[in-house]
Amino acid sequence: MVETGGLPIRIHTLFQLMTKNPAALSHMILVGPPGSGKTTSARTFVERLHGQGGFSSFFGRALFLNSSDERGLEAVRSRVFPFVRSSLHSILQGSKSTLSYTPPKVIIFDEAETLTDQAQIALRPLLDTSPQEVLLIFLCNSVSRIHSSILHKFLT
């Protein structure tokens, strides 16, 4: 039996493919009812992508936002875009990483359906960014409140 770390086999296989082959990285939207493991899956993926050490050790590499608390355009402007613009050079220079590439910065929006339309639209340019540079992960209970232009970006 394959050890999946508690993840459904299809999610485990997808994450394994993306961590072993950076060209396969893709922005993600994980949808499911509360308690279905979306947040745990996203955190596990970041740990696999950036190596062991726990999610809190990825300062400068991963940003986790609970969209029900930080749901407006101001949160996107004040937290997301400065995070994207910040340089990982000094962090990675001191790192003893054996990776042949630099893993992308990861931004996780928990309860993404609670983001305002303005905030969602402000994120569109990031969905045009290569996921090898900046990877967006939306976690939501339902896609019904995800702006159609954003949903289209995830599905193409």
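Residues numbered from 1 in each chain as written. Predicted model: local features only at pLDDT ≥ 70, side-chain atom pairs only at ≥ 80, totals over all residues. Heavy atoms only, no water.

Draft legend 1. Spotlight on the overall build of the chain. When its secondary structure is counted, the chain shows 7 helices and 4 strands. Starting at the N terminus and walking to the C terminus, you meet the elements of the chain as α-β-α-β-α-α-β-α-α-β-α. Surface summary for the chain: the accessible area is close to 8400 Å², and the carbon and sulfur share equals 53%. (Helix = DSSP H or I, 4+ residues; strand = E, 2+ residues; numbered from the N terminus. Areas by Shrake-Rupley, 256 points an atom, 1.4 Å probe, with all protein chains shown as cover.)

Draft legend 2. Seen up close, the sheet that holds strand 4 (residues 134-140). Pairing is parallel in the open sheet, where 4 strands are placed in the order 1-4-3-2. Among the strands making up the open sheet, the edge pair consists of strand 1 (28-31) and strand 2 (62-66). Within the sheet, the average angular offset between the axes of one strand and its neighbour, ignoring direction, is 15°. Pairing analysis gives 6 bridges linking strand 3 (residues 105-110) to strand 4, with the strands arranged parallel. From the neighbouring strand, phenylalanine 109 faces strand 4, where its bridge partner is phenylalanine 138. Relative to the sheet, helix 3 (residues 73-85) contacts strand 2, strand 3 and strand 4, its axis offset from that of strand 3 by approximately 165°. (Pairing = 2+ DSSP bridges. Axes fitted to C-alpha atoms, helices over the stretch in contact; angles between N-to-C directions. Contact = heavy atoms within 4.5 Å.)

Draft legend 3. Expanded view of the layout of surface pockets. Quantified by volume, the largest pocket comes out at close to 210 Å³. Looking at the largest pocket, it is lined by 15 residues, and the ones nearest its centre are Pro8, Ser36, Gly37, Lys38 and Ser41. Those elements giving two or more residues to the lining of the largest pocket turn out to be helix 1 (9-20), strand 1 and helix 2 (38-50). Take the lining of the largest pocket: its biggest share by element is 4 residues, from helix 2. Partitioning the lining of the largest pocket into residue classes produces 5 nonpolar, 8 polar and 2 charged. (1 Å grid on protein atoms, 1.4 Å probe; cavity = no way out; pocket = protein on both sides within 12 Å on 5 of 7 lines; lining within 4 Å. Points joined across faces, edges and corners; volume = space filled by probe spheres on them. Nonpolar A, V, L, I, M, F, W, Y, C, P; charged D, E, K, R; others polar.)

Draft legend 4. Spotlight on the pattern of salt bridges. Applying the stated criterion across every chain yields a total of 1 salt bridge. Residue aspartate 128 pairs with lysine 153 through a salt bridge whose shortest N-O separation is 2.5 Å. One end of the pair, aspartate 128, is in helix 6 (residues 124-128); the other, lysine 153, is in helix 7 (residues 148-155), and 25 residues separate them in sequence. Residue aspartate 128 is classed as exposed on the basis of its relative accessible area of 52%. Using a relative accessible area of 22% as the deciding quantity, one classes lysine 153 as partly exposed. (Salt bridge = Lys/Arg side-chain N within 4 Å of Asp/Glu carboxyl O. Buried < 20%, exposed > 50% of the residue type's maximum accessible area, 1.4 Å probe, protein only.)

Draft legend 5. Local environment of the packing of aromatic side chains. Applying the stated criterion across every chain, the model contains 3 aromatic pairs. Both rings, one in phenylalanine 15 and one in phenylalanine 45, keep their centres 4.7 Å apart while their planes meet at 45°; by these two values the pair is tilted. Within this pair, whereas phenylalanine 15 is found in helix 1, its partner phenylalanine 45 is found in helix 2, the two being separated by 30 residues in sequence. Across the pair, exposure class does not vary: phenylalanine 15 and phenylalanine 45 are buried alike. An angle of 70° between the planes, with centres 5.3 Å apart, marks the rings of phenylalanine 109 and phenylalanine 138 as edge-to-face. Of this pair, phenylalanine 109 sits in strand 3 while phenylalanine 138 sits in strand 4; the two residues are 29 residues apart in sequence, bridging distant segments of the chain. Phenylalanine 138 matches phenylalanine 109 in its accessibility class, with the two residues each being buried. Put simply, the rings of Phe109, Phe138 and Phe154 pair up and form one aromatic cluster. It is arginine 43 that lies over the ring of phenylalanine 64; its NZ or CZ is 4.3 Å from the centre. One residue, lysine 105, lies across the ring of phenylalanine 83, its end atom 4.9 Å from the ring centre. (Phe/Tyr/Trp six-rings, centres within 6.5 Å; stacked < 30°, edge-to-face > 60°. Lys NZ or Arg CZ within 6 Å of the ring centre and 35° of its normal.)

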